[in-house]
Every structure is written in structure tokens, then in C-alpha cells.
Amino acid sequence: MKKGFFYILLIFLLIFTLAACGKSGDANHGASETQPEGESAQPEGGADSSQTEEPSSANTPSDIIIATGGTGGVYYPLGGEFATIFQNHAGLSSATPQVTGASKENMQYLSKGEVHVAFTQNDILDYAVNGTEIFDQKLDGISALGSLYPEIIQLVVSADSGIESIYDLKGKKVSVGAPGSGNEANSKQILAAAGLTYDDIDEQLKSYADSADAFKDGLIDAMFVTSGIPNSSVQDIAVSKGIRVLSLDEDVIAKLKEQYPFFIDETIPKETYQGQTEDAKTVAVLATLAVRSDLSEEFVYNLTKALFENLDSITHAKGKEIKPENALKGISVPVHPGAQKYYDEKGITK
């Protein structure tokens, strides 16, 4: 009886032990299945995290492209100096100035997101954002960073030319700028103010550098240049061929300013170019820096701060004309919040 009880007790203990082991095994098996899920969840969490970071990365890039202009103008060399400032003082890995067809083309690149920062004229910036003049429709995603310096309209003829005023351009070969550029838009506006159109001249759609070559070869009679002064292409012609810079007639200037309020009075001082013996009265627009609207506020704030607080490092002559207190002058489109934050801090207004 005792032996039978012992066997029964032994069997009971064995069953209990096996049951306990089974539960432990189930628990361990469950842990081994849930652990990979935990590991799988971690990358998913990482993916979610990277997805939230991806817009941040796109909106705060470490490498940027700056749309400038032709190699013979001011935008390109100045853009190279801006790139250095952005790299050294805005925490960028790289900033690359890109040769372009200038103002109009730059607005198209900026709207498409192909560049991050772009040089343009304040009038072209206005046209792009509002879809007027040389733009068939509004270009989205563009904001102003700030005004830089005056872009002066220069009507250049050879020193021995018989052309004395804009009215004498009738029937002449005239370079009006690269196709669709701000230079071309201004040329058309000035010609119209003098009662002239492309039907009255033999228009040549050329960049600054190409215009200079054509001028030296005697293939054009005059050229319009919308640029800071001195313009390197005009300097080249002045040295190699000799030039005169014509004043615009007072009635032309009056009509321009009445129709286009963004034009301001300007004078090209004598001796700006070799052989220039007289001041030339003319008008100007403003060179402006624009940015993609989707760039983060902090990112554009850093760009704005870096630029305006390191102007003394710019060696180009235009650097002396760029002043923080003038950054909002002539701006007729929305300013990027990051740039506005900097201006607010410094008490800069229009």
C-alpha cells in the first residue's frame, strides 16, 4: 500500500514537473518570437524617424546650389564669394555657384526646386511670384531673402559711333541680353519708353560675354547691360575697343518710372570705365537674393545672418554696396520667415 502510494506520488510529481517545463518552454518560445518583432519594430521606428527627418534634411540641406548668371556678369563671381561665406559661417558642407541665364531662368530653377538660392532682379522676382510680364503664370515656392545693390541700366556704344541717344538705335544691331533674362526685359521696357520695339532694331539675344565678343568684332552697334558697375564685359570692351556710355533721355526716364515704379534714378560716374569722360544719367533696379520657400526658418535665418554679418570678407566691388539696412528696399513679394526673423532682430524695415 505504501509502495503503491509512493508510485502514485512519483507519477503525480512527474506530471507536475512536465507541465511546469511545458509552460516555461511556451514562455521562452513566445519571447523568442516577440524579440524579432521588437527588432523589426526598431527599424520601423527608425524608418518613421528618418521619414520625419527627410523633410527636415531637404529643408535644411548641407549642400546647396546658388543660381547666379553668366561668367561675364556680377552674379557669378559674387555668388562664388557668397558660397564661401555660407560654407564658413552657415554650417554648410558645400555651396556651389551655378552659371545660368540669370534672373528669369533662376526663378524657374528655384520654383522647380533645382537650386536653393538664386540671384535675380527685384522686378523679375515680382513678375515671377505674380505671373506677370515675362512669366505666363505664377511661379510657386519662391521667397525673398533680401536686396543687395542697384542693377544699373547701361547703354553702351563704341567710342567712334554716331549713336548719341536711344532714339538713334533705330535700324541698328543691338544686343538686348540673353533670351528671357532680366536684361532683356529691361531692354524692352526702355525701348518701349522711347517708342521703339524689336521691329525698329536688329535685336541680338546675347549674354554679356557673347555681347562683348560681338562688340569687339564689330557685329553689333550697341548693347544694353543691366548690371552692377563696373561690369567686367564692358570693362573688357572699354580697354580693347573704346566705348561711350549714353545717358537715357529725360522723357524716357520719366515714362519708365511712371509705368514701372521699381525703377530708381541712377548715375554712372565718369571714369567708371576706361575712356568714359562724362557721367551717364540712367535708371536702375535692385539685385536681389531669393530662396526656396520650403527651406526651414532656421536654415534661411542662418544664411541671412551669415551673409550680412560677413560682408567685410567680400572682395568684389559690389560687396561695399550691400548694406543690411537696405535689405528690404524694393522688395514687393513675401520675405522668407527666416530672413524676416533676422531683420526683426536687427530692427531693419523698409
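Residues numbered from 1 in each chain as written. Predicted model: local features only at pLDDT ≥ 70, side-chain atom pairs only at ≥ 80, totals over all residues. Heavy atoms only, no water.

1. Regarding the overall build of the protein
Looking only at helices and strands, one finds 10 helices and 10 strands in the protein. Burial analysis of the protein (350 residues in total) assigns 46% to the buried set. Taking contacts inside the protein between residues at least 6 apart in sequence as the whole, the part at least 24 apart equals 75%. In the form shown here, the protein has an accessible surface area of approximately 17,000 Å², with 51% of it arising from carbon and sulfur atoms. (Helix = DSSP H or I, 4+ residues; strand = E, 2+ residues; numbered from the N terminus. Buried < 20%, exposed > 50% of the residue type's maximum accessible area, 1.4 Å probe, protein only. Contact = heavy atoms within 4.5 Å. Areas by Shrake-Rupley, 256 points an atom, 1.4 Å probe, with all protein chains shown as cover.)

2. Topic: helix α2 (residues 75-89)
The terminal C-alpha atoms of α2 lie 20 Å apart, and with 15 residues this matches the ideal 21 Å at 1.5 Å per residue to within 8%. Of all the positions in α2, only Tyr 75, Leu 78, Gly 79, Glu 81, Phe 82, Ala 83, Ile 85 and Phe 86 are classed as buried. Count one or two residues on from α2 and you reach Gly 91, which has phi positive near 70 degrees. (Expected span 1.5 Å × (residues − 1).)

3. Side note on the layout of surface pockets
Its volume calculated, the largest pocket comes out at about 260 Å³. Lining the largest pocket are 27 residues, with Gly 69, Gly 70, Gly 101, Ala 102 and Tyr 208 sitting closest to its centre. Within the residue set of the lining of the largest pocket, elements represented by two or more residues are α2, β4 (142-158), α5 (182-193), α6 (208-216) and β7 (222-227). Every residue lining the second largest pocket is listed: Glu 164, Ile 243, Arg 244, Val 245, Leu 246, Ser 247, Gly 275, Gln 276, Thr 277, Glu 278 and Asp 279. Partitioned by chemical class, the residues of the lining of the second largest pocket number 3 nonpolar, 4 polar and 4 charged. (1 Å grid on protein atoms, 1.4 Å probe; cavity = no way out; pocket = protein on both sides within 12 Å on 5 of 7 lines; lining within 4 Å. Points joined across faces, edges and corners; volume = space filled by probe spheres on them. Nonpolar A, V, L, I, M, F, W, Y, C, P; charged D, E, K, R; others polar.)

4. Things to note about the pattern of salt bridges
A complete count under the given rule lists 9 salt bridges for this structure. The residue Lys 216 makes a salt bridge to Asp 236 at a minimum N-O spacing of 2.8 Å. Of this pair, Lys 216 sits in helix α6 while Asp 236 sits in helix α7 (residues 232-240); the two residues are 20 residues apart in sequence, bridging distant segments of the chain. Accessibility expressed as a relative area gives 31% for Lys 216, which makes it partly exposed. Exposure remark for Asp 236: the relative accessible area of 34% places this residue in the partly exposed category. Several salt bridges converge on common partners, so that one network encompasses Asp 213, Lys 216 and Asp 236. (Salt bridge = Lys/Arg side-chain N within 4 Å of Asp/Glu carboxyl O.)

5. Observations regarding unusual backbone geometry
Of note, the phi angle at Glu 133 is positive, near 55 degrees, even though the residue is not glycine. As for its position among the elements, Glu 133 is in the loop between α4 (122-130) and β4.

6. A word on the packing of α2 against helix α9 (residues 297-308)
Packing of α2 against α9 leaves a shortest axis separation of 9 Å and a crossing angle of 115 degrees. For the element pair α2 / α9, the angle class is roughly perpendicular. Considering only the axes of α2 and α9, their crossing is right-handed. Contacts between α2 and α9 involve Phe 82, Ile 85, Phe 86 and His 89 from the former and Leu 303, Ala 306 and Leu 307 from the latter. Residues that form the contact of α2 with α9 fall into these classes: 6 nonpolar, 1 polar and no charged. (Axes fitted to C-alpha atoms, helices over the stretch in contact; angles between N-to-C directions. Parallel < 35°, antiparallel > 145°, perpendicular 65-115°, else oblique. Left-handed = near helix turned anticlockwise from the far one by under 90°.)

7. Observations concerning the packing of α6 against α7
Where α6 contacts α7, the two axes come as close as 9 Å, and the packing angle between them is 15 degrees. One finds that α6 runs roughly parallel with respect to α7. As for the relative orientation of α6 and α7, their crossing is right-handed in sense. Within the contact between the two elements, α6 uses Tyr 208, Ala 209, Ala 212, Phe 215 and Lys 216 and α7 uses Ser 233, Asp 236, Ile 237 and Ser 240. Partitioned by chemical class, the residues of the contact of α6 with α7 number 5 nonpolar, 2 polar and 2 charged.

8. Digging into the confidence of the model for the protein
When pLDDT is averaged along the protein, the result is 86, and 84% of the positions lie at 70 or above. With pLDDT under 50 throughout, residues 18-56 is counted as low confidence; its partners more than four residues away or in other chains account for 0 contacts. (pLDDT = per-residue confidence, 0-100.)

9. Some words on α7
Structurally, the α-helix is built with 3.6 residues per turn, so residues lying three or four positions apart point the same way. Regarding α7, the residues found buried are Ser 233, Val 234, Ile 237 and Ala 238. Seen along its axis, α7 keeps its buried residues to an arc of 140 degrees; they face one direction. Buried residues along α7 sit in contact with β4, α6, β7 and β8 (243-246). Where α7 starts, the residue carrying a side-chain oxygen 2.9 Å from the main-chain nitrogen of Ser 233 turns out to be Asn 231. Residue Gly 242 follows α7 closely and has a positive phi angle near 95 degrees. (Arc of directions from axis to C-beta. Polar contact = N/O pair within 3.5 Å; in protein donor to acceptor, adjacent residues only side chain to side chain.)

10. What about the nonpolar core?
Side chains of nonpolar character tend, in soluble globular proteins, to be buried together. Of all hydrophobic cores here, the largest spans 83 residues; its most connected members are Phe 86 and Met 107. Here this core gets 8 residues from one element, more than from any other, and that element is β4. Contact partners of Met 107, with chain neighbours within four places excluded, come to Ala 118, Thr 120, Ile 124, Leu 125, Ala 128, Phe 135, Leu 139, Ile 142 and Ala 290. Counting residues in hydrophobic clusters, the runner-up holds 19 residues, among them Val 156, Ile 220, Ile 268 and Ala 284. (Core = buried A, V, L, I, M, F, W, Y, C linked by side-chain atoms within 4.5 Å.)

11. Points about the pairing of strand β1 (residues 63-67)
A regular strand places its side chains on the two faces of the sheet in alternate fashion. The sheet contact formed by β1 and strand β2 (residues 94-98) spans 5 bridges and is parallel. Counterpart to Ile 65 in the pairing with β2 is Thr 96. In this fold, β1 hands off to α2, which returns the chain to β2; that crossover is right-handed. Pairing analysis gives 2 bridges linking β1 to strand β3 (residues 117-121), with the strands arranged parallel. Looking at β3, one finds that Ala 67 is bridged to Ala 118. (Pairing = 2+ DSSP bridges. Right-handed = clockwise from strand over helix to strand, strands pointing away.)

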